[in-house]
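An overview of the molecular structure
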Amino acid sequence: HESTPSSNAGSAERFTATGFILAAIGSSVGLGNMWKFPYITGKHGGAAFFLLFIICLIIVGLPILLAEMTVGRGGRGSAGTSFYNLTKKKYWSVFGVFSVITAFIIMSYYAVVAGWTLHYTVESFTGLLFQSGTDYKMKFVSFASGYTPILWQAVVMLITGVVLAKGVSGGIEKFNKILIPGFLIILIVLMFRALTLPGASTGVEFFLKPDFSKLDAESALIALGHAFFSLSLGMGCMLTYGSYVDKRQSLGAATLAIGFGDLVYALIAGLIIFPTVFSFGLEPGEGVGLAFMALPAAFSQMPFGFFFGGLFFALLAIAALTSAISILEVPIAFAMEKWKWPRKKAAIYVSSLCFLIGIPSAMSVGGLLGGFTPGGKTIFDWVDFVTAYIMMPLGGLVVTLFTGYAWKRAGEEAGLKGIGYRLWMVALRYVAPVLIILIFLYSVGLIRV
Ligand code: PFF
């Protein structure tokens with residue numbers, strides 16, 4: 001079975017060893033860490049929630065991460081065909097296609113938020129964001145309800161499409177190699193700035209000192225869903241990246257590196273955001289607007305705030321773009337394989353279509369569709385909820401069942417033997433599926449606690 005030769009052009013592309021680790025960290029570290037994680041932590045229990053998230057990350061996230069990369073490398077195809085390539089059973093392709101659809105839908109709204117970060121980066125550095133007497137909440141609302149977000153969403157789709165048109169080593173890998181080191185430098189500068197603000201310790205305490213009475217069943221749902229989102233799981237992304245990995249690379253080591261990287265970035269993001277928010281007497285439970293409403297208010301009050309604010313939003317933008325390219329690669333790899341399109345054509349078609357599908361999300365955060373809230377959620381919130389808390393866990397379930405039960409050679413491909421292999425199987429066969437199913441039933445309202 002050594003290297004399964006395959007006819008599709010996509011699978012002939014390869015990452016270098018460091019290129020792969022950087023790209024995978026670039027994928028996992030994104031708006032999830034820098035934008036979503038702080039506001040859900042603020043809302044669902046602070047430090048206790050953080051702990052719950054770490055547990056989910058370790059017992060469910062890491063085993064599935066390894067499983068996805070293993071399926072990708074073993075199957076050497078896109079998310080749509082790798083399952084089939086390994087078992088030759090048609091019905092597995094159906095599940096594969098499901099994850100391609102999930103990725104496509106996630107990208108449609110991820111690009112909207114990524115667009116906000118670009119807009120805020122430009123507005124910060126030019127000083128436009130920080131005029132005296134600005135109400136930052138109003139400012140965000142009026143920005144989000146206009147048409148400018150669609151323009152920025154288009155810019156994101158364009159950058160992502162161009163990078164992906166250049167391929168795996170010339171596009172994805174190069175982009176990550178340039179941006180990730182810059183990212184780390186900005187992160188450390190900002191953390192230092194945040195931790196030296198007066199009153200920073202209240203924020204650190206909120207983030208790191210657990211109070212378990214703040215947790216409820218919903219916290220568990222959100223923590224598990226976020227472990228998926230944060231590690232880019234359940235939608236064929238790590239699978240697709242895995243299909244470009246060399247046979248000699250250790251996937252176990254890659255799993256640990258990616259998991260550790262993701263956690264450290266979440267930690268640092270929290271250590272930037274909470275001290276800053278608390279230092280200026282602002283609220284951490286703000287919701288999606290936390291980064292865009294509370295933080296500019298804080299930056300506007302500190303010396304050189306436009307500079308630190310600009311750095312902060314540039315950081316968000318970089319994180320968002322390196323993740324966005326990994327999401328969009330899923331449908332692009334699929335289209336190249338399925339319809340034998342050249343990469344460029346696939347990139348143009350997929351990114352254009354995804355842009356169009358994302359417009360309703362862009363217009364529903366206070367915009368034209370802001371008042372359209374079936375079931376109490378805007379389109380934007382629905383897309384986020386359905387993908388992150390229903391489709392991604394289901395996609396993850398498929399991977400665990402496939403690797404735990406259906407594909408017998410997973411251990412060989414993953415390079416695991418003995419106790420390591422047995423633990424991995426316990427996680428994939430029992431722990432992860434049971435937790436995912438419970439959480440799924442809870443999120444669709446079939447069980448109540
Ligand atoms: N992991 C990314 C984040 O935390 O922002 C988001 C993401 C990327 C989700 C890639 C899914 C994915 F396939």
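Preceding this section is the structure that the text describes.
What this report covers is the structure whose coordinates are included nearby.

Scoring rules and cut-offs
Within each chain, residue numbers correspond to sequence positions counted from 1 in written order. In keeping with the model being predicted, local features are shown solely for residues with a pLDDT of at least 70 and side-chain atom pairs are shown and tallied solely at 80 or more, while totals for entire chains, interfaces and linings include all residues. Put simply, DSSP H or I for four residues or longer makes a helix, DSSP E for two residues or longer makes a strand, and each gets a number counted from the N terminus. Our radius of gyration looks at C-alpha atoms and nothing else; its globule reference is 2.2 Å times the residue count to the power 0.38. Counting other C-beta atoms within 10 Å of a residue's own tells you its class, since 20 or more makes it buried, 12 or fewer makes it exposed, and anything in between is partly exposed; those C-beta atoms are placed from the backbone. Remark: residues whose backbone-derived C-beta atoms lie within 7 Å of one another are considered to be in contact. What makes a residue near a molecule or strand is its C-beta atom, placed from the backbone, lying within 6 Å of it. All residues other than Ala, Val, Leu, Ile, Met, Phe, Trp, Tyr, Cys, Pro, Asp, Glu, Lys and Arg, Gly among them, are scored as polar; the first ten of these are nonpolar and the last four charged. In plain words, the nonpolar core is the set of buried Ala, Val, Leu, Ile, Met, Phe, Trp, Tyr and Cys residues that C-beta atoms within 7 Å link up. The length a helix should cover is 1.5 Å for every residue beyond the first. In this analysis, axes come from line fits to C-alpha atoms, helices being fitted only over the stretch in contact, and the angle between any two N-to-C directions falls in the range 0 to 180 degrees. Any angle between 65 and 115 degrees counts as roughly perpendicular, while under 35 counts as roughly parallel, over 145 as roughly antiparallel, and the rest as oblique.

Side note on the overall build of the chain
A tally of regular secondary structure across the chain gives 18 helices and zero strands. Over its C-alpha atoms the chain spans a radius of gyration of 21 Å, differing by no more than 12% from the 22 Å that the globule rule assigns to 449 residues. For the C-alpha atoms alone, the extent of the chain along its principal axes is close to 65 × 50 × 45 Å. Classification of the 449 residues of the chain by burial places 55% in the buried group. At a minimum sequence separation of 6, the contacts of the chain that also span at least 24 residues come to 84%.

Concerning helix 13 (residues 290-300)
Among the 11 residues in helix 13, 10 count as buried, and that is most of the element. Those residues of helix 13 hidden inside the fold are in contact with helix 2 (31-44), helix 5 (91-125), helix 6 (136-144), helix 12 (251-279) and helix 14 (305-338).

A short note on the site of the ligand
Residues in contact with the ligand amount to 16 residues; listed here are only the nearest, Gly30, Gly32, Ser232, Cys237 and Ser323. Secondary-structure elements contributing two or more residues to the shell around the ligand are helix 1 (17-28), helix 2, helix 5, helix 10 (217-230) and helix 14. By residue class, the composition of the shell around the ligand is seven nonpolar, nine polar and no charged.

What about unusual backbone geometry?
In this model, Lys88 sits at a positive phi of 60°, which is unusual for a non-glycine residue. As for its placement among the helices and strands, Lys88 is situated in the loop between helix 4 (82-87) and helix 5. For Lys88, a count of 7 C-beta atoms within 10 Å puts it in the exposed group. Non-glycine residue Ser232 carries a positive phi angle of around 60°. Within the secondary structure, Ser232 sits in the loop between helix 10 and helix 11 (237-242). Judged by local crowding, Ser232 falls into the buried class, with 31 C-beta atoms found within 10 Å.

Focus: the nonpolar core
Ranked by size, the top nonpolar core spans 155 residues in total, and within it Met107, Tyr110, Ala114, Leu315, Leu316 and Ala324 carry the most contacts. If you tally residues by element for this core, the top one is helix 14, at 22 residues. When sequence neighbours within four positions are dropped, the list of residues in contact with Leu315 reads Met34, Phe183, Ile186, Leu187 and Leu190.

Details of the environment of Gln249
Note that Gln249 resides in the loop between helix 11 and helix 12. With 19 C-beta atoms packed within 10 Å, Gln249 lands in the partly exposed category. Separated by 233 residues in sequence, Gln249 and Thr16 place their C-alpha atoms 9.3 Å apart. Excluding residues that lie within four positions of it along the chain, Gln249 makes contacts with Ala17, Phe20 and Ala254.

Structural notes on helix 5
Helix length check: helix 5, at 35 residues, gives a terminal C-alpha distance of 52 Å against a target of 51 Å (1.5 Å per residue), a fit within 8%. Of all 35 residues in helix 5, 26 are buried; the element is thus mostly enclosed. Note on helix 5: the residue one or two positions beyond its end, Gly127, has a positive phi of about 85°.

Some details on the packing of helix 3 (residues 46-75) against helix 9 (residues 200-208)
It is at 5 Å that the axes of helix 3 and helix 9 come closest, and there the two elements cross at 45°. One way to sum up the angle between helix 3 and helix 9 is to call them oblique. The segment helix 3 lies against helix 9, with Gly46, Ala47 and Phe50 engaging Phe206, Phe207 and Leu208. Broken down by class, the residue content of the contact of helix 3 with helix 9 amounts to five nonpolar, one polar and no charged.

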